[in-house]
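Architecture at a glance
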Amino acid sequence: MLRAIELGKKAISFAAPNPMVGCVIVHNDRIIGEGFTSAYGGPHAEVNAINSVNDKSILEKATLYVTLEPCSHFGKTPPCANLIAKHKIPKVVIGLVDPNTKVSGAGIKKLRDSGSVVVVGVLEDECREHHKRFLTFQEKKRPYVILKWAESQDGFIAPDKIKRDEAPQPYWITNSISRQLVHKWRSEEMAILVGTNTVFADNPKLNVRSWKGRSSIRVVLDRELKIPIEFFIYDGSVKTIVVTESKSHFSKENTIFEFAEFGANLAASICEILYKHNINSLLVEGGQQTLQTFINEDIWDEAYIFKGENSFEAGIAAPTVSGCIVAKQKILEDGLTLLTK
């Protein structure tokens with residue numbers, strides 16, 4: 001099962017909104033097949049693992065290990081449970097039950113009805129951690145939310161305006177290696193969110209440039225639709241969702257406008273919108289007000305906090321958050337702290 005989890009991680013940049021399932025097939029204590037979830041719309045992990053087995057006759061004597069219950073319904077692909085039953089695999093070991101109401105035990109029942117011995121709950125905690133994005137989406141009806149920011153040694157995420165150039169552009173607190181890591185994270189999450197002030201200050205592209213992988217869906221908060229049309233968020237290069245209170249929308253390539261009231265429950269409203277768009281993970285990159293909104297509403301799961309080597313003495317204060325420190329590391333002169341709730 002540990003190997004199945006390891007395989008599933010290979011799908012992190014392209015499987016979503018499907019779960020990044022890993023699957024291993026064993027015969028006589030030897031792995032004879034492996035697979036993980038293909039890009040969305042493609043074959044699932046079990047299909048890829050079965051297809052990797054050269055001699056299919058061995059499957060009738062094999063054991064299949066999979067991190068999540070095999071699907072039992074027709075979606076973009078046929079049910080994996082049917083394929084397992086077709087090849088008469090006698091034993092199936094499952095990490096955890098799929099909470100999706102379209103499956104939720106039906107896959108297990110179908111396998112048992114076909115004659116397979118099914119064992120459920122092997123390394124369940126590890127599988128839950130691995131499938132945290134998918135499980136949050138299914139169980140809490142919202143994306144898995146990751147907060148990210150960089151702050152100076154004295155706790156500011158940006159210096160005073162008088163210290164910045166007049167033209168909107170990023171002000172880097174961290175080094176290039178830390179920034180490359182952020183681009184890796186962007187490639188792993190379905191969406192990335194920033195507020196109006198960040199767009200005005202930085203005119204960010206919010207895409208993946210320093211890492212190989214897909215760019216996340218851009219989510220931008222713009223209460224009054226004040227962001228100029230010539231800014232990068234409207235360049236049409238990446239699907240963009242603009243959350244606004246304004247009803248005076250305009251047509252722009254690859255851009256969707258969604259209405260939300262910018263009140264006490266803004267973070268919850270944003271999550272409802274993203275759930276509707278089938279987005280199961282969100283990287284919140286700023287600014288301070290946007291980050292604090294998610295913190296205040298207690299809608300977050302992880303926080304990545306960089307600390308640069310410089311001090312600003314004055315500026316925009318970093319968000320305030322309390323959580324459990326999971327890890328700390330140094331990236332050259334930068335510090336990185338990982339928090340969970």
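As annotated in an unreviewed UniProt entry, the chain is Riboflavin biosynthesis protein RibD from Croceivirga thetidis. As recorded by UniProt, the Function (unreviewed entry) comment attached to the chain reads in full: "Converts 2,5-diamino-6-(ribosylamino)-4(3h)-pyrimidinone 5'-phosphate into 5-amino-6-(ribosylamino)-2,4(1h,3h)-pyrimidinedione 5'-phosphate."

Counting secondary structure elements, the chain contains ten helices and 16 strands. Across its three principal directions, the C-alpha atoms of the chain cover 70 × 45 × 30 Å. Across the chain, contacts joining residues at least 24 apart in sequence account for 67% of those joining residues at least 6 apart. Carbon and sulfur atoms form 49% of the exposed surface of the chain, whose accessible area is close to 16,100 Å². Of the charged side chains in the chain, 42 are positive and 40 negative, and the gap between their average positions amounts to 6 Å.

What follows deals with the UniProt feature "domain: CMP/dCMP-type deaminase" (unreviewed entry) in the chain. Under the UniProt annotation, the feature "domain: CMP/dCMP-type deaminase" (unreviewed entry) is placed at residues 1–119. Secondary structure across residues 1–119 divides into 24% helix and 24% strand, with the first and last C-alpha atoms of the span separated by 12 Å.

Time to look at the sheet that holds strand 2 (residues 30–36). The five strands are arranged 2-1-3-4-5 in an open sheet whose pairing can be described as mixed. The open sheet is flanked by strand 2 and strand 5 (117–120), the only strands paired with a single partner. Each neighbouring strand pair of the sheet contributes to a mean axis angle of 15°, computed without reference to strand direction. Across four bridges, strand 1 (residues 22–27) lies against strand 3 (residues 63–68) in antiparallel orientation. Along strand 3, the bridge assignment pairs isoleucine 25 with leucine 64. Across the sheet, helix 4 (residues 106–113) lies against strand 4 (91–96) and strand 5, angled at about 150° from strand 5, the strand it touches most.

Another point: the packing of aromatic side chains. Tallied over the entire structure, the rule returns seven aromatic pairs. Each ring, one from tryptophan 185 and one from phenylalanine 306, has its centre 5.6 Å from the other, and the planes form 35°; the classification is tilted. Placement of tryptophan 185 in helix 7 (residues 176–188) and of phenylalanine 306 in strand 13 (residues 302–307) is noted, with a sequence separation of 121 residues between them. Accessibility assignment for this pair places tryptophan 185 and phenylalanine 306 in one class, buried. Aromatic ring contacts, followed pair by pair, group Trp185, Tyr304 and Phe306 into a single cluster. A cation sits over an aromatic face here: arginine 179 above tryptophan 172, 4.5 Å from the ring centre. Cation over ring: lysine 247 sits above phenylalanine 259, and NZ or CZ is 5.6 Å from the ring centre.

Let us now look at the pairing of strand 12 (residues 281–286). Among the six residues that make up strand 12, six are buried, leaving the element largely enclosed by the rest of the structure. With four bridges joining them, strand 8 (residues 191–194) and strand 12 adopt parallel strand pairing. Across the sheet, the residue bridging to valine 194 is glycine 286, located in strand 12.

Bringing helix 4 into the picture now. For helix 4, the full list of buried residues reads Gly107, Ile108 and Leu111. What you see down the axis of helix 4 is that its buried residues fit within an arc of 100°, all on one side. Exposed residues on helix 4 whose side chains face more than 90 degrees from its buried face are Lys109 and Asp113. Looking at the packing, one finds that the buried side of helix 4 touches helix 3 (80–86), strand 4 and strand 5.

So, how was this worked out
- Residues numbered from 1 in each chain as written.
- Predicted model: local features only at pLDDT ≥ 70, side-chain atom pairs only at ≥ 80, totals over all residues.
- Heavy atoms only, no water.
- UniProt positions renumbered as here; feature names shortened; annotations may be inferred.
- Helix = DSSP H or I, 4+ residues; strand = E, 2+ residues; numbered from the N terminus.
- Contact = heavy atoms within 4.5 Å.
- Areas by Shrake-Rupley, 256 points an atom, 1.4 Å probe, with all protein chains shown as cover.
- Lys, Arg positive; Asp, Glu negative; His and termini not counted.
- Charge placed at Lys NZ, Arg CZ, Asp CG, Glu CD.
- Pairing = 2+ DSSP bridges.
- Axes fitted to C-alpha atoms, helices over the stretch in contact; angles between N-to-C directions.
- Phe/Tyr/Trp six-rings, centres within 6.5 Å; stacked < 30°, edge-to-face > 60°.
- Buried < 20%, exposed > 50% of the residue type's maximum accessible area, 1.4 Å probe, protein only.
- Lys NZ or Arg CZ within 6 Å of the ring centre and 35° of its normal.
- Arc of directions from axis to C-beta.

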